[in-house]
Amino acid sequence: MKITILYGTETGNAEMLAEDIQAELEGDHEVDCLNLSDMGAGDFDPSRFYLLVCSTYGDGELPASAQPFAEAVEAEKPDLSAIKFAIFGLGDSEYDETFNFGPKTLAELLQAQGATQVGERIAHDASGPDMAEDLAFPWAEAVVAEAAELIGEDA
Amino acid sequence: MTAGKIAIVGAGPSGCFLAQSLLKAAPELEVDLIDRLPVPYGLVRYGVAADHQGTKGVARQFARIFERQGAQFHGNITLGQEVTLEALQTAYDAVVLAAGLMQDRALEIPGGDLPGIHGAGAITRALYDHPDATPLPDLGPRPLIVGNGNVAIDLLRLLAKQPEELEGSDLGPVATGWLRQNGVEEITITGRSPAAQAKFDTVMIKELSKLSGVTIHVEGAGSSEDAAEAKKIEAVLALHGHATGPRRVTFRFGLTPLAVEGDERVTAMRFQTTAGEETLPCTSVLTAIGFCADGVLPRDTLLAGAQDAEAGVLAPGLYATGWFRRGPRGTIPENRADAQALATRILAELTPDPDKPGRVILSDLDARVDYSGWTRIDAHEIATAPDDRCRAKIASREEMLRLAREEEKTK
Ligand SMILES: Cc1cc2nc3c(=O)[nH]c(=O)nc-3n(C[C@H](O)[C@H](O)[C@H](O)COP(=O)(O)OP(=O)(O)OC[C@H]3O[C@@H](n4cnc5c(N)ncnc54)[C@H](O)[C@@H]3O)c2cc1C
Ligand SMILES: Cc1cc2nc3c(=O)[nH]c(=O)nc-3n(C[C@H](O)[C@H](O)[C@H](O)COP(=O)(O)O)c2cc1C
């Protein structure tokens, strides 16, 4: 399957995880990894599956690298009805009132343009005991398998 | 083709993000991070609060620089002592100063040097077991915090916390005991600006609403038409009346320091307000009003003569980034952006000279602690952490060096 990993980050943790996921999936799939700051609202390709990795910053806001993308999607309102995506969040439960609001905002934004979310929105907690990749690798494997049925294995 | 050789002085977030960016763009580079401490990561280890472990998570990225990207750590080496700037410039194609700013800015008013006045840097270093810290002082029952940035709020929060609120942190036994027994009854925090323009982030204020042993008063928070300012004021006002325990916390705004009063030690602080002068009695003053250079490196001279200070170019082949370049402003993300921009600039200007010896000038220094030395310290700190702590930091340089080296011998 053709996969694009898109990351939204403030201090680089999401970028590192996105690269780790890329390395993990690369053996079996054709995988690109791109900062959301380099992704245009109109750049989506229905033949690809999108894996988003996004943190939260400030008071429940999107991280800096995701903000221009979010603004562009809001302004341009691209038709994403043929797009399938899955999303993984990086957050910190110390910020309990706004835990993982960034990825939530991003998922809702894409869904509002018609995109379909595959699988659950999983969250890593920086104050928790797990390593992000230990949660993200099984998640990626599961959503990619699910997407393969929807998009087609050899798309 | 010869690989370029780059020495970065300071293994804090700025130096680490710079090394990360450089090696991502040009993996063949020889990148060396030099730090005066036997341990890396600068203020991520010694500034970011002990009860904000999530923020310290960036250290995992920094570990990758050494473990996978090929950078080398040369700890326990102070530029200006074990090695000179000239020696580095002779040995490397490029040298970057990312040494931060460690000294507390002084309170330059009458009485500003009275006993009982303590800088936030000195206090936080002592709280977080920095090897060069001075012992934690006696604050008396009524400390007064001067400053309204995030560092001031960190101090306030730690002083206000109950012992059980520090679970999961890496606060050591000395600091924990000091916080428990310091007898603080009332903390006043004063800012020069109105609340609307206070430098602290709104989330830092919201976090205070979780404190379990305080009674908070907010005086003179004012109002604002601006949405972001209004949000900040609202967060501050939401704390007013928060009453979960006996320790009093008072927020005051628009107070410009005039003088610290007292004969042998601090007894009060006098301020200018819009309504005239006001004197607040206190038993100690904690200043959180910024940082400056410690004088080990000629920062002012270097910056004054810089070829392009905005871009971090001091002279051909000599660069600066992070707090050392910009001054004591900006959080970790800003250092990342700064470092990424500088990496691009350095790579554009780099002309590798095959005759430059590079890291061999450091490898023979007796003082040197390498990355594996740090991993032994790190592993020991994590392994010896008590149940309610995530790490037991080693505070003494000798003990760090012993751990880094002794096991080296037994290998
Ligand atoms: C108390 C406090 C709390 C903070 N909390 C947060 C927070 O929660 N979140 C956030 O984003 N930001 C926080 N910050 C800001 C953040 O720490 C800084 O933005 C960041 O650390 C600056 O990075 P730096 O690499 O420029 O400097 P530093 O982190 O200070 O690193 C400089 C390094 O250089 C070394 N060095 C100094 N002189 C020499 C020399 N002569 N030779 C060799 N090595 C030398 C030092 O040992 C140090 O390791 C806090 C700052 C402070 C002071
Ligand atoms: C100042 C600050 C504010 C944050 N705010 C939130 C938040 O509101 N909600 C949340 O779930 N996580 C929050 N976080 C946690 C980050 O999302 C988490 O540390 C993540 O790993 C950062 O990833 P990044 O480096 O890719 O940006 C915050 C972290 C910091 C330092």
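Residues numbered from 1 in each chain as written. Chains lettered and ligands numbered in written order. Predicted model: local features only at pLDDT ≥ 70, side-chain atom pairs only at ≥ 80, totals over all residues. Heavy atoms only, no water.

A. Representation of helix H7 (residues 173-181) of chain B. Residues and elements named next belong to chain B. Of the positions making up H7, those classed as buried are Ala175, Thr176, Gly177, Trp178 and Leu179. In this structure, the buried side of H7 is in contact with helix H5 (120-127), helix H6 (150-160) and strand E10 (247-252). After H7 finishes, the residue Gly183 shows a positive phi value of roughly 70 degrees. (Buried < 20%, exposed > 50% of the residue type's maximum accessible area, 1.4 Å probe, protein only. Helix = DSSP H or I, 4+ residues; strand = E, 2+ residues; numbered from the N terminus. Contact = heavy atoms within 4.5 Å.)

B. Highlighting the domain arrangement of chain B. Residues and elements named next belong to chain B. Looking at chain B, the domain boundaries give domain 1 (5-101 + 293-405) and domain 2 (106-286). Spacing between the C-alpha centres of domain 1 and domain 2 amounts to 31 Å. At the interface, 20 residues of domain 1 touch 18 residues of domain 2. In total, about 1800 Å² of surface goes out of reach between domain 1 and domain 2, with carbon and sulfur atoms giving 51% of it. (Domains from an automatic or database assignment. Buried area = accessible area lost by both parts, 1.4 Å probe.)

C. Examining H6 of chain B more closely. Here H6 of chain B lies mainly inside the structure; nine of its eleven residues are buried. Restricting attention to buried positions, one finds in H6 of chain B the residues Ala152, Ile153, Asp154, Leu155, Leu156, Arg157, Leu158, Leu159 and Ala160 of chain B.

D. Spatial organisation of the interface of chain A and chain B. Listed as interface residues are 22 residues of chain A and, on the opposing side, 20 residues of chain B. Taken together, the two surfaces of chain A and chain B that pack against each other cover about 1700 Å², and 41% of this comes from carbon and sulfur. Of all residues in chain A, Thr11, Met16 and Asp59 of chain A bury the most surface against chain B, accounting for 33% of the area lost on that side. Linking chain A to chain B there are nine salt bridges. As a salt-bridge pair, Arg64 of chain B and Asp20 of chain A come within 2.7 Å of each other at their nearest N and O atoms. Joining chain A to chain B, the criterion identifies ten residue pairs in polar contact (both at pLDDT 80 or more). Counting only elements with at least two residues in the side of chain A that touches chain B, the list comes to helix H1 (13-25) and helix H4 (132-151) of chain A. In terms of residues, the side of chain A that touches chain B owes the most to one element, H1 of chain A, which gives five residues. Here the side of chain A that touches chain B is composed, by residue class, of six nonpolar, six polar and ten charged. (Salt bridge = Lys/Arg side-chain N within 4 Å of Asp/Glu carboxyl O. Polar contact = N/O pair within 3.5 Å; in protein donor to acceptor, adjacent residues only side chain to side chain. Nonpolar A, V, L, I, M, F, W, Y, C, P; charged D, E, K, R; others polar.)

E. Local environment of the site of ligand 2. If you check the shell around ligand 2, you find 19 residues, and the closest are Thr9, Thr11, Ala14, Thr56 and Thr98 of chain A. Flanking ligand 2 are residues from chains A and B. Glu10 of chain A is positioned such that a nitrogen or oxygen atom in its backbone is 2.8 Å from an oxygen atom of ligand 2. For ligand 2, an oxygen atom lies 2.7 Å from a polar atom in the backbone of Ala14 of chain A. Burial of ligand 2 by the protein amounts to 93% of the accessible area it has alone, namely 650 Å². Mapped onto the shell around ligand 2, the elements with two or more residues apiece are H1 and strand E4 (84-91) of chain A. Partitioning the shell around ligand 2 into residue classes produces five nonpolar, twelve polar and two charged. (Near = heavy atom within 4 Å. Areas by Shrake-Rupley, 256 points an atom, 1.4 Å probe, with all protein chains shown as cover.)

F. Looking closely at the nonpolar core. Membership of the largest hydrophobic core comes to 93 residues, with the highest contact counts inside it found for Ile8, Tyr41, Phe251 and Ile346 of chain B. Take this core: its biggest share by element is seven residues, from H6 of chain B. Residue assignment places this core across two domains, with domain 1 (5-101 + 293-405) and domain 2 (106-286) of chain B each supplying three or more. Setting aside residues no more than four positions away along its own chain, Ile8 of chain B makes contact with Gly15, Leu18, Ala19, Leu22, Val31, Asp32, Leu33, Ile34, Val96 and Ala98 of chain B. Within the second largest apolar cluster, 25 residues are counted, among which are Ile3, Val31, Leu90 and Ala147 of chain A. (Core = buried A, V, L, I, M, F, W, Y, C linked by side-chain atoms within 4.5 Å.)

G. Region of interest: the sheet that holds strand E17 (residues 318-320) of chain B. Residues and elements named next belong to chain B. Strand order in the open sheet made by the six strands is E3-E2-E1-E4-E17-E16, with mixed pairing throughout. Two strands bound the open sheet, and with one partner strand each, they are strand E3 (72-74) and strand E16 (313-315). Pairwise comparison of adjacent strand axes, ignoring direction, gives a mean angle of 25 degrees for this sheet. With three bridges connecting them, strand E4 (residues 94-97) and E17 associate as parallel partners. (Pairing = 2+ DSSP bridges. Axes fitted to C-alpha atoms, helices over the stretch in contact; angles between N-to-C directions.)

H. How the structure looks around the UniProt feature "domain: FAD/NAD(P)-binding" (unreviewed entry) in chain B. Within this numbering scheme, the UniProt entry marks residues 5-218 of chain B as carrying the feature "domain: FAD/NAD(P)-binding" (unreviewed entry). Overall, residues 5-218 of chain B shows 32% helix and 17% strand. The separation of its end C-alpha atoms is 54 Å. (UniProt positions renumbered as here; feature names shortened; annotations may be inferred.)

I. Spatial organisation of the site of ligand 1. All names here are of chain B. Inspection of the region around ligand 1 gives 31 residues, with Ser14, Asp35, Gly330, Ile332 and Asn335 positioned closest. Leu79 is positioned such that a nitrogen or oxygen atom in its backbone is 2.9 Å from a nitrogen atom of ligand 1. Computed on the free molecule, ligand 1 has an accessible area of 1000 Å², of which 92% lies beneath the protein chains in the complex. Of all the elements in the fold, those that place two or more residues in the shell around ligand 1 are helix H1 (13-25), H6, helix H11 (322-326) and helix H12 (332-349). Residues belonging to the shell around ligand 1 are distributed by class as follows: 15 nonpolar, 13 polar and three charged. Counting the residues that make up the shell around ligand 1, at least three belong to each of domain 1 (5-101 + 293-405) and domain 2 (106-286).

J. Focus on the environment of Ile21 of chain A. Residues and elements named next belong to chain A. Looking at the secondary structure, you find Ile21 in helix H1. Put simply, Ile21 and Leu135 are 114 residues apart on the chain and 11 Å apart in space, counted from C-alpha to C-alpha. Other than its neighbours up to four places away in sequence, Ile21 contacts Ile5, Leu51, Val53, Ala136, Phe137, Trp139 and Ala140.

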